[in-house]
Amino acid sequence: MNLIPDAAVDDGLLHCFIIQDLSILNTITASISLLLGNLKDHKDVVYFTAQIVSVSSPEAVRTNVDGEEGPILPITLSVLPRHIQVIVPEVD
């Protein structure tokens, strides 16, 4: 929840980050910003929200979906609002 404080599970949006410089130093500072919940304010990060995002590459890049091997780019991602019903038991 601290990674993207503005996000809500039911906001219907993908919260996207593009890290423009992947040098070792920048990766470290971006990782710290991510853990502190202010990655979108990092100088080398572009942050945006969208309902649909298409990602492509001139090279063959395999994606990662929830820790599992995903399809090779290009890929289109979208939000399916209220697609699954989650039942949370009450805690006393």
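Look a little higher up for the structure.
What comes next concerns the included structure. This one's a predicted model, so the numbers in the text were calculated from it and none came from an experiment. Per chain, residue numbering runs from 1 following the sequence as it is written. Where local features are concerned, this predicted model is filtered to residues with pLDDT of at least 70; where side-chain atom pairs are given and counted, the filter is 80 or more; whole-chain, interface and lining totals use all residues. Just so you know, side-chain values use all the structure's heavy atoms and leave hydrogens and water out.

### Things to note about the pairing of strand β5 (residues 68-72)
A pair of strands is treated as paired once DSSP finds two or more bridges between them. We count a stretch as a helix when DSSP gives it H or I for four or more residues in a row; a strand needs E for two or more, and each element gets its number in order from the N terminus. Relative to β5, strand β4 (residues 62-65) runs antiparallel, the two sharing three bridges. Its bridge partner lying in β5, Arg 62 is registered against Ile 72. With antiparallel pairing between neighbouring strands as the criterion, β4 and β5 make up a hairpin whose turn holds two residues, including Asp 66 at a positive phi of roughly 50 degrees.

### Digging into the packing of aromatic side chains
Here is the rule: rings of Phe, Tyr and Trp (six-membered ring for Trp) pair when centre to centre is within 6.5 Å. Planes less than 30 degrees apart are stacked, more than 60 are edge-to-face, and the remainder are tilted. Inspection of every chain in the model, using the stated rule, returns one aromatic pair. Judged by centre distance (5.0 Å) and plane angle (40 degrees), the rings of Phe 17 and Tyr 47 are tilted. One end of the pair, Phe 17, is in strand β1 (residues 14-19); the other, Tyr 47, is in strand β2 (residues 45-50), with 30 residues separating them in the sequence. Note on classification: 1.4 Å probe, protein chains only; a residue is buried when its accessible area is under 20% of the maximum for its type, exposed when over 50%, partly exposed between these limits. Residue classification places Phe 17 among the partly exposed residues on the basis of a relative accessible area of 27%. Looking at Tyr 47, the relative accessible area reads 23%, which means it is partly exposed.

### Looking at the side chain of His 42
Summarising the element assignment, His 42 is placed in the loop between α1 (24-36) and β2. Judged by relative accessible area, His 42 falls into the buried class, the value being 11%. Pairs of N or O atoms are called polar contacts if they sit within 3.5 Å, as long as, within protein, a hydrogen donor faces a hydrogen acceptor (for residues adjacent in sequence, only side-chain-to-side-chain pairs). A distance of 2.9 Å separates polar atoms of two side chains, one belonging to His 42 and the other to Thr 29. Residue contacts are counted whenever heavy atoms from the two residues lie within 4.5 Å of one another. Setting aside chain neighbours within four positions, we find His 42 in contact with Asn 26, Thr 29, Ala 30 and Ser 33.

### Some thoughts on the environment of Pro 74
Note on placement: Pro 74 falls in the loop between β5 and β6 (75-78). For the pair Pro 74 and Glu 59, spaced 15 residues apart in the sequence, the C-alpha separation amounts to 9.9 Å. What Pro 74 contacts, discounting residues up to four positions off in sequence, is Val 55 and Ser 56.

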